[in-house]
Amino acid sequence: MHGHAEAGLVRAHATSHALTGPGPVVARELREEWEAVRLRPGATRARGAGNRARAEEADAERTCFERDRDRIVHSTAFRRLAGKTQVVVYPSDHQRTRLTHALEVAQVATSIARGIGANVALVDAIALGHDCGHGPGGHASEDAFDAFIPEGYDHGPWGSDVVLASLNLCTETLDGIRNHSWSRPAPATIEGEIVSWADRIAYCAHDLEDAVHADIVAESEIPAEVADVCGRTRRQQLRTFVRGVIRAVDRYGEVGMEPAEAAALSALRAFNYERIYVRPASLAQSRVVVEVLRSLVEFYVEHPASMPSPSAFEVPSGDPVRAAVAYVAGMTDRYAFDRAVGELGWDPARLPPSS
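Conventions adopted
- Residues numbered from 1 in each chain as written.
- Predicted model: local features only at pLDDT ≥ 70, side-chain atom pairs only at ≥ 80, totals over all residues.
- Heavy atoms only, no water.
- Core = buried A, V, L, I, M, F, W, Y, C linked by side-chain atoms within 4.5 Å.
- Buried < 20%, exposed > 50% of the residue type's maximum accessible area, 1.4 Å probe, protein only.
- Contact = heavy atoms within 4.5 Å.
- Patch = residues over 30% accessible without salt bridge, like charges linked within 9 Å, V, L, I, M, F, W, Y side chains within 5 Å.
- Areas by Shrake-Rupley, 256 points an atom, 1.4 Å probe, with all protein chains shown as cover.
- Salt bridge = Lys/Arg side-chain N within 4 Å of Asp/Glu carboxyl O.
- Helix = DSSP H or I, 4+ residues; strand = E, 2+ residues; numbered from the N terminus.
- Polar contact = N/O pair within 3.5 Å; in protein donor to acceptor, adjacent residues only side chain to side chain.

## Thoughts on the nonpolar core
Counting residues in each nonpolar core, the largest one holds 64 residues, and the members touching the most others are F65, I72, F78, V108, I194, I201 and F241. Apart from the residues within four sequence positions on either side, V108 is in contact with A198, I201, A202, L238 and V242. Judged by nonpolar contacts, the second largest core, of 31 residues, contains L296, Y327, M331 and A336.

Here you go:
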């Protein structure tokens, strides 16, 4: 209960024998020295970085990017990803959520970063935070919120500039989150570029695996142009694409992928769009999500007292529309649908099924 004490040291186990041997305490400054020597020339060093909107003292133990990673993991926005749709509303125990997707993107991205000598801590922070701007109900939430945001609702900028603003993250981390989508300007760091590739690699392989398990598609239906290059299973695909990026960096000195692997990834994504994302059931689900979220935003614009204090989320003061969007965008799938029933009187039968 209280540990096991002997000679002034408390041990976790009565049989503990985890002797470390001599060595330094690897605090921030020493890790920064290691980065300076070991990382690839184009990689982002923590030393000299750490620029934040509000100045802070450096941490004794962690580099600035390690600190960002920890803040994201402990944030409410990150925890709520567990209740947000990746592809299927109300995912089963075996289907991805936004949280598991973020963890899998981080795994792919850190594998690439280690392989090429990039900054693993920065890659990890960007990957874990990259989807925190997503609303409930998957990408349909962007279509729903577009109607209220003059510049359009894009989950990357919304995540960096609104959802995670209170964390006071480094500019490099925020840039990678803001610009991870391929439709955005290129990230400013090679670590941001790595996450852009890792995101596409992860969702293409993992969404297909979920669809196969859900009997939406069969492995045998995967086009030959995909299977001949990267196989038919998630394991084969991740191995091919991760190694493909590492080889391309080694050959060209730039983050990318050679034509054969890139074409296979593009074909896999096109197959997923046709057979998973825009199939009739997915489109019907998206239409319901859009209707629910728009109705909720309109309700909270008219009834702001029904929302928590505006200090609970970062929005310009005096902007009731953005405040309502920020509140609804932060909801999990289940909470949004519950609010539609409780606040708007929606018939539960009109909502997406729970299985």
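## What to know about a nonpolar patch on the surface
A surface patch of nonpolar side chains, about 240 Å² in accessible area, is lined by Y273, V278 and L283. Relative to the helices and strands, V278 resides in the loop between α12 (259-277) and α13 (280-302).

## Remarks on the environment of R232
Note on placement: R232 falls in the loop between α10 (224-230) and α11 (234-252). Counting along the chain gives 11 residues from R232 to E221, while the straight-line C-alpha distance between them is 9.3 Å. A polar side-chain atom of R232 sits 2.8 Å from the main-chain carbonyl oxygen of E219. Here I222 takes part through its backbone oxygen, which lies 2.9 Å from a polar atom of the side chain of R232.

## So, the pattern of salt bridges
Considering all chains together, one arrives at 25 salt bridges under this definition. E32 serves as the salt-bridge partner of R47, at 3.8 Å between the closest nitrogen and oxygen. Linking R47 in the loop between α1 (28-38) and α2 (64-73) with E32 in helix α1, this pair joins segments that are 15 residues apart in sequence. E32 sits in the buried class, given a relative accessible area of 8%. Linking R178 and D161 is a salt bridge whose minimum nitrogen-to-oxygen distance equals 2.7 Å. Residue R178 is located in helix α8 (residues 171-178), and its partner D161 is located in helix α7 (residues 155-163); the two are separated by 17 residues in the primary sequence. Overall, D161 belongs to the partly exposed group, its relative accessible area being 40%. Several salt bridges share partner residues, and in doing so they unite R52, E56, R67, D68 and R71 into one network.

## A few points about the side chain of R52
For R52, the position within the fold is in the loop between α1 and α2. At 3.3 Å, the side chain of R52 forms a polar contact with the backbone oxygen of C64. Ignoring any residue separated from it by four or fewer positions in sequence, one finds R52 in contact with C64, R67, D68, R71, N168, L169 and C170.

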